[in-house]
Amino acid sequence: MYEHLAECCVFAAGKRNIIESVFLRVAEFCVSTVDNGTEKIFRFIDGEAVVRAVDVGILMRVGATDVISYYGIRTALEGSILEVAALPPEGLAWHPVGQRPSTATDPINSPLSSGSNLQ
């Protein structure tokens, strides 16, 4: 569906409040949004983003038809998350979907995760 697709998981306390704040900030740039409680979907002209609360933090997925849209959507999410959660930029590590590192620091593959993921 999308040529450019990646995801990122952020360890953050207060994830529900962070997701709500990100939703309010990013929604103004979208064509449409879907609010499913702990999951927010942002639809843009050439892509979309999903932000979801998972056991250990916040999972973000960005997909776009072209590289400019991909980086634009990703930058909007990153800027909002970094500002709202007061995280250092090093706290964000994007990976192509399906190619996440399988290390103990990876929140999706960690034993703490209940298998929640975006697909």
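Higher on the page you've got the structure.
The numbering scheme is per chain: residues are counted from 1 as the chain's sequence reads. Per-residue local features are limited, in this predicted model, to residues with pLDDT of at least 70; the limit for side-chain atom pairs, both in listing and counting, is 80 or more; totals at the level of whole chains, interfaces and linings are taken over all residues. For side-chain calculations, the full set of non-hydrogen atoms in the structure is used, while hydrogens and water are omitted.

**So, the pattern of salt bridges**
Let me state the cut-off plainly: The term salt bridge refers to a pairing of a side-chain nitrogen on Lys or Arg with a carboxyl oxygen on Asp or Glu at a separation within 4 Å. Secondary structure is summarised from DSSP: a helix means a run of H or I of at least four residues, a strand means a run of E of at least two, and numbering begins at the N terminus for each. Buried residues are those whose accessible area, probed at 1.4 Å on protein chains only, stays under 20% of the maximum for their type, while exposed residues exceed 50% and partly exposed ones sit between those limits.
This model, assessed by the stated rule, comprises seven salt bridges. The salt bridge involving Glu20 is made with Lys40; its shortest N-O contact spans 2.6 Å. With Glu20 in helix H1 (residues 15-26) and Lys40 in strand S3 (residues 39-44), this residue pair connects regions lying 20 residues apart in the sequence. For Glu20, a relative accessible area of 34% corresponds to the partly exposed category. Its relative accessible area of 0% is what places Lys40 among the buried residues. For Glu48, the salt bridge identified is with Arg43, shortest N-O distance 3.4 Å. Through salt bridges with shared partners, one network takes in Glu20, Asp35 and Lys40.

**Observations regarding the packing of aromatic side chains**
Quick note on the threshold: The rule is short: rings of Phe, Tyr and Trp, with Trp giving its six-membered ring, pair when the centres are within 6.5 Å, and they are stacked under 30 degrees, edge-to-face over 60, tilted in between. For a ring to carry a charge above it, either NZ of a lysine or CZ of an arginine must fall within 6 Å of the ring centroid while also lying within 35 degrees of the normal to the ring plane.
Following the criterion strictly, the structure yields two aromatic pairs and no others. Between Phe23 and Phe42, the ring centres sit 5.7 Å apart and the planes meet at 40°, which makes this aromatic pair tilted. Separated by 19 residues along the polypeptide, Phe23 in helix H1 and Phe42 in strand S3 bring together distant segments of the chain. For Phe23, a relative accessible area of 12% translates into the label buried. Classification of Phe42 as buried rests on a relative accessible area of 0%. Arranged with centres 4.8 Å apart and planes meeting at 75°, the rings of Tyr70 and Tyr71 form a pair that is edge-to-face. Take Tyr70: its relative accessible area is 7%, and that puts it in the buried class. Over the face of the ring belonging to Phe23 we find Lys40, whose NZ or CZ atom lies 5.3 Å from the ring centre.

**Considerations on the pairing of strand S4 (residues 47-54)**
Rules: At least two bridges found by DSSP between two strands are what make those strands a pair.
The element S4 is largely enclosed, with a buried count of seven among its eight residues. When S3 meets S4, the two strands line up antiparallel, connected through six bridges. Of the residues in S4, the one forming a bridge with Ile41 is Val50. Connecting S3 to the antiparallel partner S4 that follows it, the hairpin turn spans two residues. As judged from the eight bridges shared by S4 and strand S5 (residues 57-64), these two strands associate in the antiparallel manner. Considered in S5, the bridge of Val51 is made with Met60. Remark: two residues form the turn of the hairpin made by S4 and S5, two consecutive strands paired antiparallel.

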